[in-house]
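Report on the structure
Single-letter residue listing:
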Amino acid sequence: MDGGRGGTAGPAVLHPTAMKTHTTMAALLPDAEYLDSIIGGAGGGGHGTNGGTTLYRCRICCTDCGSHKGWLQHVVGKKHRHRRDGGGPPPWRMEELELFPCRATTLCPHAFVGGLPLDLRLRLTAYLRARCPHSPELVDVVDQISVTEQKHLRVKELVETVEASLVIGDEIHARNSADKESDGCGPVTSIYDMACGHGLLGCLLAYRFAQLRVVCVDTTRRPCFDTYIDAFKRCGVADEGETEVLSNLEFIEGDLGAVEVGAGAFLAGVHACNGATGAILKMAACAAAGFAVLPCCIPDMLYAVQTTRNLSGTKASMGDDVRYAVQVGVIAQTYKARRVCCIDRRITNRNLVVLGGGPPDHPPPVSSQ
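If you're wondering where the values come from, they're calculated on a predicted model, not measured in any experiment.

Comments concerning the packing of aromatic side chains
- Across all of its chains, the model carries 4 aromatic pairs by this definition.
- A connected cluster of aromatic rings, assembled from ring pairs, spans Trp92, Phe100 and Tyr127.

Dropping the structure here:
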């Protein structure tokens, strides 16, 4: 993610005992500069200690070796030498999303990052490095989360939130640039992750925009939110002038209506179900705030449009994607969106992003119900 952050936070923290032997062992190994980490087993000792196992992980080949001898054999092999001399790991392609656990056409919502096999974990690392090149330490953050609490981070939630944060972050960055001040948008001084759920979007935006106040809002603060914060604090890099990573992040437990949104606010809502998206958009309109929403469940007539039945009362023949696109178009028109874009359809079939808001040039829309 861009935003002036630089440097890395060191090798991925994959196990509490992972780095105990790294410095001394790596110095004895050939091609040690390609050694990503030496990971001690659960016994904390390495091979043959308390039943633990030491894995020697090659960064450029995406390969684990279970012993010193195995590492020696690997580094003299053709595969390693080819990639070492210029082949390198294959670059990330979005088509690779189809390799991860999926439903019919989208990522499976139940697969956890910590439960992925090694080859997919390494491709997920390639995804993060490709999509967030200015924050390579996010790889360490994700590793730390999956090690600390294996069931606190799902693959779909991670990829979906990263993609949404890139779109939303670029919109906020554009609004705060000199070129945007003349089009009536105005600068953003605070960001609200409304109906935030797990809160990862707020964490990513707070990390990217360390000088802006970021507020996550939901009726319940989930335990995974604190896991995310701890991982960012352990593995993240403090921005210039920042005393602590994510010191600009807050959480408000309560209903959306209890939040006071002032001038310069930007409201984000990713898959806020049913009427929550409309509530976010009305708040943005009343406060002349910017907004970005990825609508999720849109019941018929929620925005005064019916799409599920024909006039005869028979089931409509339009597919789900068409119905969703029509409903999102109605939302965009109702709330005077400035643009509509999308994230990859292989991630989610609720993939359209509606962006707009700013100083009002029309009355706030009237509810249809």
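There is more to say after this.
A look at the side chain of threonine 161
- By secondary structure assignment, the location of threonine 161 is in helix H6 (residues 155-175).
- Residue threonine 161 is classed as buried on the basis of its relative accessible area of 4%.

Here's the deal with unusual backbone geometry
- Of note, alanine 195 is a non-glycine position whose phi angle comes to about 50°, a positive value.
- A relative accessible area of 23% means that alanine 195 is categorised as partly exposed.
- Of note in the backbone geometry, leucine 246 takes a positive phi value of approximately 65° without being a glycine.
- Relative accessible area serves as the criterion here: at 5%, leucine 246 is assigned to the buried category.

Some points on helix H2 (residues 68-75)
- Buried within H2 we find Gly70, Trp71, His74 and Val75. Projected onto a plane normal to the axis of H2, the buried residues spread over an arc of 125° and lie on a single side. Opposite the packed face of H2, turned more than 90 degrees from it, sit the exposed residues Lys69 and Gln73.

Examining the side chain of glutamate 157
- Of note, glutamate 157 is situated in helix H6.
- The class of glutamate 157 is buried, set by a relative accessible area of 18%.
- Glutamate 157 has contacts with His198 and Leu200, leaving out every residue within four places of it along the chain.

Some details on the packing of helix H7 (residues 200-208) against helix H8 (residues 223-235)
- It is at 10 Å that the axes of H7 and H8 come closest, and there the two elements cross at 25°. Regarding the angle of H7 to H8, the classification is roughly parallel. The interaxial crossing formed by H7 with H8 has right-handed handedness. Residue-level contacts link Leu200, Cys203, Leu204 and Tyr207 of H7 to Phe225, Tyr228, Ile229 and Phe232 of H8.
- For the contact of H7 with H8, a count of residues per class yields 8 nonpolar, no polar and no charged.

Digging into the packing of helix H4 (residues 118-131) against helix H5 (residues 138-148)
- In the contact formed by H4 and H5, the axes pass within 9 Å of each other and the chain directions differ by 140°. When the axes of H4 and H5 are compared, the pair comes out oblique. In terms of crossing hand, the pair formed by H4 and H5 is right-handed. Contact residues: H4 offers Arg121, Thr125, Leu128 and Arg129, while H5 offers Leu138, Val139, Val142, Asp143 and Ser146.

A few points about a nonpolar patch on the surface
- Residues Met318, Val322 and Val326 make up a contiguous nonpolar surface patch of about 220 Å² in total accessible area.
- For valine 322, a relative accessible area of 44% translates into the label partly exposed.

Describing the environment of leucine 122
- If you trace the backbone, leucine 122 turns up in helix H4.
- A C-alpha to C-alpha distance of 9.1 Å links leucine 122 and threonine 63, two positions 59 residues apart in sequence.

Thoughts on the confidence of the model for the chain
- Looking at the chain, the pLDDT average stands at 81 and 73% of residues meet or exceed 70.
- Across residues 40-52, where pLDDT falls below 50, the model places 24 contacts with residues more than four positions away in sequence or in other chains.

What about the sheet that holds strand S4 (residues 190-194)?
- Reading across from one edge, S6-S5-S4-S7-S8-S10-S9 is the order of the 7 strands in this open sheet, with mixed pairing throughout. Edge positions in the open sheet fall to strand S6 (249-253) and strand S9 (337-342), since each of these has one partner strand only. Each neighbouring strand pair of the sheet contributes to a mean axis angle of 15°, computed without reference to strand direction.
- Taken together, the 5 bridges between strand S7 (residues 265-270) and strand S8 (residues 290-294) define a ladder with parallel strand orientation. Residue pairing across strands places alanine 268 opposite alanine 292, the latter belonging to S8.

Topic: the environment of aspartate 170
- With respect to the helices and strands, the residue aspartate 170 is situated in helix H6.
- In this structure aspartate 170 comes out as partly exposed when scored by relative accessible area, which is 42%.

A short note on the pattern of salt bridges
- A full pass over the atoms with the stated rule returns 17 salt bridges.
- For arginine 121, the salt bridge goes to aspartate 143, with nearest N and O atoms at 2.7 Å. Here arginine 121 is found in helix H4, whereas its partner aspartate 143 is found in helix H5, with 22 residues between them in sequence. For the pair formed by arginine 121 and aspartate 143, the shared burial category is buried.
- The salt bridge involving glutamate 171 is made with arginine 175; its shortest N-O contact spans 2.9 Å. Residue glutamate 171 and its partner arginine 175 are both found in helix H6; the two are separated by 4 residues, about one turn of the helix. Like arginine 175, glutamate 171 is buried.
- Members of the salt-bridge network, linked through shared partners, are Glu98, Asp344 and Arg346.

Here is what the cut-offs are and how they apply
- Residues numbered from 1 in each chain as written.
- Predicted model: local features only at pLDDT ≥ 70, side-chain atom pairs only at ≥ 80, totals over all residues.
- Heavy atoms only, no water.
- Phe/Tyr/Trp six-rings, centres within 6.5 Å; stacked < 30°, edge-to-face > 60°.
- Helix = DSSP H or I, 4+ residues; strand = E, 2+ residues; numbered from the N terminus.
- Buried < 20%, exposed > 50% of the residue type's maximum accessible area, 1.4 Å probe, protein only.
- Arc of directions from axis to C-beta.
- Contact = heavy atoms within 4.5 Å.
- Axes fitted to C-alpha atoms, helices over the stretch in contact; angles between N-to-C directions.
- Parallel < 35°, antiparallel > 145°, perpendicular 65-115°, else oblique.
- Left-handed = near helix turned anticlockwise from the far one by under 90°.
- Nonpolar A, V, L, I, M, F, W, Y, C, P; charged D, E, K, R; others polar.
- Patch = residues over 30% accessible without salt bridge, like charges linked within 9 Å, V, L, I, M, F, W, Y side chains within 5 Å.
- Areas by Shrake-Rupley, 256 points an atom, 1.4 Å probe, with all protein chains shown as cover.
- Salt bridge = Lys/Arg side-chain N within 4 Å of Asp/Glu carboxyl O.
- pLDDT = per-residue confidence, 0-100.
- Pairing = 2+ DSSP bridges.

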